[in-house]
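Structure assessment
Residue strings, one per chain:
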Number of protein chains: 2
Amino acid sequence: MQLKHISLLNYKNIRQAELEFEPGINCFVGNNGAGKTNLLDSIYYISFCKSYFNPIDSQLICHDEEFFVIQAQYEIQNQDEEFYAALRKNRKKQFKRNKKEYSRLSDHIGLLPLVMISPGDERLISDGSDQRRKFIDGVVSQYNKSYLASILRYNRCLTQRNALLKSAKGRSASIDGQLEVWDEQLASIGALIFDERSGFIKELKPVFQKYHRFISGESEVVDIVYHSHHQRASLEEQLKKNRERDLVLGYTSRGVHRDELEFLLDGYPIKKNGSQGQTKTFFMALKLAQYEFLNEHFGYAPVLLLDDMFDKLDDYRAARLIELMGGDSFHQIFITDTQKSRLLEIVKKTGKTFSFFNVNDGNITQDI
Amino acid sequence: MQLKHISLLNYKNIRQAELEFEPGINCFVGNNGAGKTNLLDSIYYISFCKSYFNPIDSQLICHDEEFFVIQAQYEIQNQDEEFYAALRKNRKKQFKRNKKEYSRLSDHIGLLPLVMISPGDERLISDGSDQRRKFIDGVVSQYNKSYLASILRYNRCLTQRNALLKSAKGRSASIDGQLEVWDEQLASIGALIFDERSGFIKELKPVFQKYHRFISGESEVVDIVYHSHHQRASLEEQLKKNRERDLVLGYTSRGVHRDELEFLLDGYPIKKNGSQGQTKTFFMALKLAQYEFLNEHFGYAPVLLLDDMFDKLDDYRAARLIELMGGDSFHQIFITDTQKSRLLEIVKKTGKTFSFFNVNDGNITQDI
């Protein structure tokens, strides 16, 4: 898959841009705050109908303007396709494929596979378990629509059960029948989610470890361990057993909504023991594994966005990363950096075709 | 103030180290995960009796070991002083000054002023308001012990009032008298805290803006705005007025524990609008202002720790930062970086005396 052309109007600080891209590596260089990451974010937006950084769409419109528009031309398996995204203040966002509006946005998601690696991914490691569940759910949903449907159904049941628990204080016996209905549903949908998550992690883990070994030079051993209540006993049994406790707590304490993915570095939690460079290497390897995973499931290569990737890595790891980027595993790549000379040296080494763009106060110009 | 010598045993991945430091700039260079930041953290620990990164002391002991020891020799206003910190598993930590144990740890805090600037400070901007309150409270407490006492008293009153609110459901009238006692206390201690915070921010703001202008080259305008319930009406009045609401919520919705510090970039919240480099510049200027503030209040220069400072900054901002570091405002500085050549070039430009140390898998050796 290749993004051939993008046209932007009023996306964050980019008022207007028309850009042609290389099938190889496209580099965006500029000072802090110039708009490099905003450009990557616009490419992310056209894939996922949302920003990577800001969940509030209206804040993506350039200050003092009324709307933004993104138009993108892709080549997908030798076929040219046009995509259009627009948002006007206080209106619903609009998405079109080859000039035809989608009836549902969800029909678009998954068409343009993409992996973004950004310094903010550090939160995958440092933040709570919900970040890691979101990561799994996000990747699996990209190629499995029924998984996404299961997650949504599970969450609806959970909300209902929690509301019931909260309202039942003092008269708990009377709701036993109702709780049983929810328990049954949570257990059966939970089992589906558990199976899908286990399968995904089993498949992802060796690929993740392969990339990590490659970048770190086998100096560290990493592991991912999946913990779920589902592993201990039937979820329905556990829900029933914890009913009294849940009534006191006012929420459901068992189920796949409490799943945890444990990240280990040399046998210890990386969250507590990893340095900044080790943390970066860890989430990079995780995201590269996600790339390979999506590549295989879609049958064509996702777009790869690398935001500020070479900061914090020591020379050895940076060199290994360049070696990877130059290989056949990765196709079209977009990279931001503040230092042109460093980046130029890096992309030359990959042997791929490349283009440079200067980003300056929201203006993007190709560097000849 | 100058840290002349440090000796470490089993601090994180540093099993043993004996290091002599320059009065100027001390640089630690090594690969990812080598232990550079751990070394800075040990200097932080001897100042604050806690780690910058990990609140759980026992996790600072090197894996498989039973204890850690940090010994440091400082020159403070032409006087040599020795400090000792040690922790044995499952024991209380021990702190000594010139071989004499402190009766209370709080007697030590403030003796060795220090400012650490680390990529993790990004959370000052991206996280919730509690991070920013903690920042203010941390700085002010360093030179004002009565402020720290006020904060502790305020929090105790708040806990009591919240417990009362929670227990009072359904019989609210009966606790009016008790609530009044707490309201009075919260209002009077809250007023002290508010005054101290306002004064601090008023003093910090122009210094912060000065540093920001210098580093960013006046390309951006930044501001800090302090919001407190205290500004609207008497806190006692507000507590009384919101009593009904608080009883429903089960907690106290008004008071200085809800203070917010708003960070603006060109008139918009930097949290939503700042790039990574802009965010870094913002919190760097904030921390440098903190340095100047402490310098003035103590009458001698704090130690400055710079963890990974040059990453993400564009060349212009990095050059300006070097200019600052070379000036008279800053004294002893400790810097970590993965790239020796880059850092060597940087410190040469400052014109200060400097030393280089190689950090490799927890081993630290001076570079001759």
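Residues numbered from 1 in each chain as written. Chains lettered and ligands numbered in written order. Predicted model: local features only at pLDDT ≥ 70, side-chain atom pairs only at ≥ 80, totals over all residues. Heavy atoms only, no water.

Structural notes on helix α11 (residues 340-350) of chain B
Those residues of α11 of chain B lying buried are Arg 342, Leu 343, Ile 346, Val 347 and Thr 350 of chain B. On an axial view of α11 of chain B, the arc spanned by its buried residues comes to 120°, and they lie on one face. Summarising the geometry of α11 of chain B, the exposed residues directed more than 90 degrees from the buried face are Ser 341, Glu 345, Lys 348 and Lys 349 of chain B. Buried residues along α11 of chain B sit in contact with α11 (340-350) of chain A together with β3 (25-30), α10 (315-326), β13 (333-337) and β14 (354-360) of chain B. Of the residues one or two after α11 of chain B, Gly 351 of chain B is the one with positive phi, at around 80°. (Buried < 20%, exposed > 50% of the residue type's maximum accessible area, 1.4 Å probe, protein only. Helix = DSSP H or I, 4+ residues; strand = E, 2+ residues; numbered from the N terminus. Arc of directions from axis to C-beta. Contact = heavy atoms within 4.5 Å.)

A few points about the pairing of strand β9 (residues 222-227) of chain A
Residues and elements named next belong to chain A. Of the two faces of β9, only one is covered, namely that formed by Val 222, Ile 224 and Tyr 226; the face formed by Asp 223, Val 225 and His 227 stays uncovered. Of the strand pairs in this sheet, β9 and strand β10 (residues 260-265) are connected by six bridges, and their pairing is antiparallel. Looking at β10, one finds that Val 225 is bridged to Glu 262. (Pairing = 2+ DSSP bridges.)

Points about the sheet that holds strand β12 (residues 303-307) of chain B
Residue and element names in this part refer to chain B. Taken in spatial order, the six strands line up as β8-β12-β13-β3-β14-β15 in an open sheet, and their pairing is mixed. Two strands lie at the open edges of the sheet, namely β8 (114-117) and β15 (363-367), each paired on one side alone. For this sheet, the mean angle separating the axes of adjacent strands, direction not counted, is 20°. With five bridges joining them, β14 and β15 adopt antiparallel strand pairing. Residue Phe 357 lies in a different strand from β15, and its bridge partner there is Gln 366. (Axes fitted to C-alpha atoms, helices over the stretch in contact; angles between N-to-C directions.)

Observations regarding helix α1 (residues 36-48) of chain A
All names here are of chain A. When the terminal C-alpha atoms of α1 are compared, their 19 Å separation across 13 residues agrees well with the 18 Å that a helix rising 1.5 Å per residue should span. Within α1, 13 of the 13 residues are buried, leaving the element largely enclosed by the surrounding structure. Positive phi appears at Cys 49, one or two residues downstream of α1, with a value of about 60°. (Expected span 1.5 Å × (residues − 1).)

A short note on the domain arrangement of chain A
Where interface size is quoted, it is often the accessible area lost as the parts come together. All names here are of chain A. Segmentation of chain A into domains returns domain 1 (1-113 + 300-368) and domain 2 (125-298). The gap between the C-alpha centroids of domain 1 and domain 2 is 30 Å. Counting residues at the interface gives 28 residues for domain 1, matched by 21 residues for domain 2. Of the roughly 2,200 Å² buried between domain 1 and domain 2 on both sides combined, carbon and sulfur atoms contribute 61%. For the pair domain 1 and domain 2, the interface holds one salt bridge. One salt bridge connects Glu 220 with Arg 317, and the closest N-O pair in it is separated by 2.7 Å. Counting across the interface, domain 1 meets domain 2 through 12 residue pairs in polar contact (both at pLDDT 80 or more). Residue assignment for the side of domain 1 that touches domain 2 shows that the elements contributing at least two residues are β12 (303-307) and α10 (315-326). With seven residues, the single largest contributor to the side of domain 1 that touches domain 2 is α10. (Domains from an automatic or database assignment. Buried area = accessible area lost by both parts, 1.4 Å probe. Salt bridge = Lys/Arg side-chain N within 4 Å of Asp/Glu carboxyl O. Polar contact = N/O pair within 3.5 Å; in protein donor to acceptor, adjacent residues only side chain to side chain.)

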